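# Geometric and topological summary
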Amino acid sequence: MNLYPSSDSASQPEAIQSITLSIVTPTLGQFSDHWLSRLLQVKGNIEFIHSYAPGNLPRPIEDPRVNAIFSPYKGEMMQRFVGLLNAKGKYILALDDDDYVHPDICALCERYFHEFPESWVLRLQTQKIDYLDCESIQKDWQKIPKLEDLTVVEKRNRDNPNSTLREIPIAPLDKAFDKRFLIWPLLERRDDRGPHIENFNTKVWKNELVQQTLPDIARATKIFGLLTWIPFCAFDRFMGLFLQAKFYQKDAIVGHWMPKPEQIRCIDKDPALKPPRYHVASDILLVKAFPQYGYLWNLFFRKFYDIPRVVGKAIKWKVLKKSTPRAKV
């Protein structure tokens, strides 16, 4: 089965072919000096795209690999969209401005997609670290496992030992809509279980797929001819599911999951200290663009009933964020 959408790579712009990896980060410029220094230690043919919200001044960075761009509108969705749109690399890795990435990630990407040219995505091994645990954040990276030493295991295998690459199936979007959601908001979802992925961030994607997807996303955000962009959308999961829906092939294996040790360190906080995510806004756009997929309708209705809780969290978060201690790194 050919998993990769038909296209002529020779017809792609030369700029996209010249850079191996684009690391795209939306930011307000409030990232730590330590985070920046570790980011710039990443080796290889790389560009770093920092996508700023309008009205924010970019941090002065002398490294020529850093490209500071500006979103025309406020909001996470537009910042991420503009950052991805400007990415010139063959592959894309989307990170937040407190996510740390292994310095040898570029070489891993080149090797992986050479060995698995039909893959869409490489899921990196991620470690969540408490934002006050400076020792774990700053510790040295272990070597990335060599791909030739890893055994590919099927998606049904629940284990992911250090010697394996686990297959990643496409999200099961063709699951039927569960009509019980119409009358019972507390119903637990079961169609989202399994080894597939939803989120876009902290994974390496083929840029050709991303660039083909972005114009469709721009069209999907137009609602009733009145709204063009919804500023409070949660773009991470939206992008991951939108891309898979656009190129959907039932039961396709779209990539693999790297084993430990970690290649990404995500700085974690208590959920009460994080800003609220209005997933329902982006879920509306998903079902608008792909109404044929029951999986997306189940997702929409489950999150729709969470709106009162999210609003309550937003109010609480505005109070708590003023007293939240900052990490020292």
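What comes next is a walk through the structure. Note that the coordinates shown come from a computational prediction; the quantities given were computed from them, not determined experimentally.

Thresholds applied
- Residues numbered from 1 in each chain as written.
- Predicted model: local features only at pLDDT ≥ 70, side-chain atom pairs only at ≥ 80, totals over all residues.
- Heavy atoms only, no water.
- Helix = DSSP H or I, 4+ residues; strand = E, 2+ residues; numbered from the N terminus.
- Buried < 20%, exposed > 50% of the residue type's maximum accessible area, 1.4 Å probe, protein only.
- Contact = heavy atoms within 4.5 Å.
- Areas by Shrake-Rupley, 256 points an atom, 1.4 Å probe, with all protein chains shown as cover.
- Expected span 1.5 Å × (residues − 1).
- Pairing = 2+ DSSP bridges.
- Axes fitted to C-alpha atoms, helices over the stretch in contact; angles between N-to-C directions.
- Arc of directions from axis to C-beta.
- Parallel < 35°, antiparallel > 145°, perpendicular 65-115°, else oblique.
- Nonpolar A, V, L, I, M, F, W, Y, C, P; charged D, E, K, R; others polar.

### Some remarks on the overall build of the protein
Assigned secondary structure in the protein consists of ten helices and twelve strands. For the protein, the residues scored as buried account for 52% of the 329 residues in total. Put simply, 80% of the contacts in the protein that link residues at least 6 apart link residues at least 24 apart. Total accessible area on the protein stands at roughly 16,600 Å², and carbon and sulfur atoms take up 54% of it.

### As for helix 7 (residues 235-246)
Taking 1.5 Å per residue, twelve residues should reach 16 Å; helix 7 reaches 16 Å between its end C-alpha atoms and fits that length. Of all the twelve residues making up helix 7, eleven are buried; the element is thus mostly covered by neighbouring parts of the structure. Listing the buried residues of helix 7 in full gives F235, D236, R237, F238, M239, G240, L241, F242, L243, Q244 and A245.

### Details of the sheet that holds strand 1 (residues 19-27)
Pairing in this open sheet of nine strands is mixed, and the strands run 3-2-1-4-10-6-11-9-8 from one edge to the other. The open sheet has two free edges, formed respectively by strand 3 (66-70) and strand 8 (151-153), since each of these has just one partner strand. Across the sheet, the mean angle from the axis of one strand to that of its neighbour is 25°, orientation sign disregarded. Note: strand 1 against strand 4 (residues 89-94), five bridges, orientation parallel. Pairing of I19 across the sheet is with G89, part of strand 4.

### A closer look at the sheet that holds strand 12 (residues 264-268)
Taken in spatial order, the three strands of this open sheet run 5-12-7, and their pairing is mixed. Strands with a single pairing partner mark the edges of an open sheet, and in this sheet they are strand 5 (99-101) and strand 7 (126-130). The sheet shows a mean angle of 25° between the axes of neighbouring strands, taken without regard to direction. Across five bridges, the pairing between strand 7 and strand 12 is parallel. Bridge assignment links T126 to a residue of strand 12, and that residue is I264.

### So, helix 4 (residues 105-115)
Along helix 4, the positions that sit buried rather than exposed are I105, C106, L108, C109, Y112 and F113. Down the axis of helix 4, the sector holding all buried residues measures 155°, keeping them to one side.

### So, the packing of helix 6 (residues 207-220) against helix 7
Two elements in contact, helix 6 and helix 7, have axes whose closest approach is 10 Å; the angle formed by their N-to-C orientations is 110°. One element, helix 6, and the other, helix 7, form an angle in the roughly perpendicular class. Listed contacts from helix 7 to L209, V210, Q212, T213, L214, D216, I217 and A220 of helix 6 are F235, F238, M239, F242, L243 and K246. Across the contact of helix 6 with helix 7, the residue classes tally to ten nonpolar, two polar and two charged.

Just geometry here; none of it tells us what the structure is for.
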